[in-house]
Amino acid sequence: MFLPSGSKDMLGSRVSRQNQVFETFRQVVTLRGYQEIATPVVEYASTFTNEYVGMPLQNMLKWFNSDGDIEVLRPDWTTAIARAIAKHSDKPQKWAYQGSIFRRNKLGVEGRQVGIEIINYSNLLAESECLFMARNFLNELKISEYITELAHTGIFEELSKQLNLSENDFEQLRLAMHDKRKDTVYQIAKNHGNHEIADEFVSLVDAYGNFESVIEMYEIRWKNNATLLNILGDIKRLSLMLQSMGETDIIVDLGRVKNLPYYSGMMFRGFLKENGATCYSGGRYDKLYEQFEQSISAVGLAFDADQLAEQIQVEKNREKICVIATEETYSIAEQLRERYKDSIVEVLDKETNLNAFDKVLNIIGSNGDYEVIEK
Ligand SMILES: N[C@@H](Cc1c[nH]c[nH+]1)C(=O)O
């Protein structure tokens, strides 16, 4: 029997590691005062494709229901949670979730995420909470080799104002910036502006690296633009907060454009040093709540739980005990569990693969007169 392309089974230690990621996440968010939220896997496509959210339908797993509406498998937690809490979003709240999202991309169709959404907290408190929580969680998973990247949607938007761009041109330029295709970036900016602004965009493609040096350079370059200076100030403040917590690998990417249409402000990502993979991604998305006619401060991030599960070691600190029993003694073996409550106890009827155990117990005897002997 085969599986549809993109679907996969998971077995044994891969599942244990996945569950360890979920369990560690729950411990961390519980201690940081988050509430848990779960939304259904099946939703209306319009929840994600409407003009405020703007996710492309083509990547979703979808079908028509009997009324002719398009339904999808949840492609995004953040949007689903905004829909779920829209009526009760007037108070400060912190939500945590874990489960699958479904998007057709090169990695498959199903990805597992654990994530947080912080609603109605003041901006810096919520943004720093996201980054501190990420640090706390990765530390608990014993993942220390990662890089934190900060970026901001406002930079590209502010500079684009100097160009005369249609919606389509804007999108083309955003895509070219995203893929770091400097030739196309230059062409679009030059065609709709002049070569100076085109040069500015091209150099923005390379404006990433250690936060101190990049910010210092751009504070001078943008000294006459209050909007850009404010953005640099916000990024610097967050970076310094992280640095004061002992984080050393902090980079900024001033030319980064949003990877999800709803971001509006600070964006952050974590990269694993070992393979460069993104282990978390998030940002501010106040605009998402405008669809519910609400003006709300919203920020959050999601971890790629599959990626994290690949990185961690399964905790193996329990004693493994094998009890060799017979048909007459299976219930005696079961009672032995009481004596070894913190150990892994397996009952076998033959002595096979005993090297896998720390202790082997034999139940010997007959007619209700049994003895447990350690081998
Ligand atoms: N939903 C985003 C992550 C995120 C959570 N909150 C804000 N952003 C993603 O799937 O990448």
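Residues numbered from 1 in each chain as written. Predicted model: local features only at pLDDT ≥ 70, side-chain atom pairs only at ≥ 80, totals over all residues. Heavy atoms only, no water.

Trainee: So what's going on with the environment of Arg181? Residues and values would help.
Mentor: Relative to the elements of secondary structure, Arg181 occurs in the loop between helix H6 (167-178) and helix H7 (182-191). Between the alpha carbons of Arg181 and Gly233 there is a distance of 28 Å; along the sequence they are 52 residues apart. Not counting the four nearest positions on each side in its chain, Arg181 is found in contact with Leu175 and Ala176. (Helix = DSSP H or I, 4+ residues; strand = E, 2+ residues; numbered from the N terminus. Contact = heavy atoms within 4.5 Å.)

Trainee: Residues and numbers for the site of the ligand, please.
Mentor: Neighbouring the ligand are 16 residues, the closest being Asp76, Thr78, Glu117, Tyr262 and Tyr263. Arg103 is positioned with one of its side-chain polar atoms (N or O) 3.0 Å from an oxygen atom of the ligand. In the environment of the ligand, a nitrogen atom lies 2.6 Å from a nitrogen or oxygen atom belonging to the side chain of Tyr263. Contact with the protein chains removes 97% of the 300 Å² of surface that the ligand exposes when unbound. Of all the elements in the fold, those that place two or more residues in the shell around the ligand are strand S5 (93-105), strand S6 (108-119), strand S11 (278-284) and strand S12 (298-304). Residues of the shell around the ligand, tallied by class, amount to 7 nonpolar, 6 polar and 3 charged. (Near = heavy atom within 4 Å. Polar contact = N/O pair within 3.5 Å; in protein donor to acceptor, adjacent residues only side chain to side chain. Areas by Shrake-Rupley, 256 points an atom, 1.4 Å probe, with all protein chains shown as cover. Nonpolar A, V, L, I, M, F, W, Y, C, P; charged D, E, K, R; others polar.)

Trainee: Which residues make up the packing of helix H5 (residues 153-160) against helix H8 (residues 195-205), and what are the values?
Mentor: Their axes nearest at 11 Å, the elements H5 and H8 cross at an angle of 165°. Classified by the angle their axes make, H5 and H8 are roughly antiparallel. The two elements H5 and H8 meet at a crossing, and its hand is left-handed. Contact residues: Ile155, Phe156, Leu159 and Ser160 in H5; Ile197, Glu200, Phe201 and Leu204 in H8. Among the residues making up the contact of H5 with H8, the classes are represented as 6 nonpolar, 1 polar and 1 charged. (Axes fitted to C-alpha atoms, helices over the stretch in contact; angles between N-to-C directions. Parallel < 35°, antiparallel > 145°, perpendicular 65-115°, else oblique. Left-handed = near helix turned anticlockwise from the far one by under 90°.)

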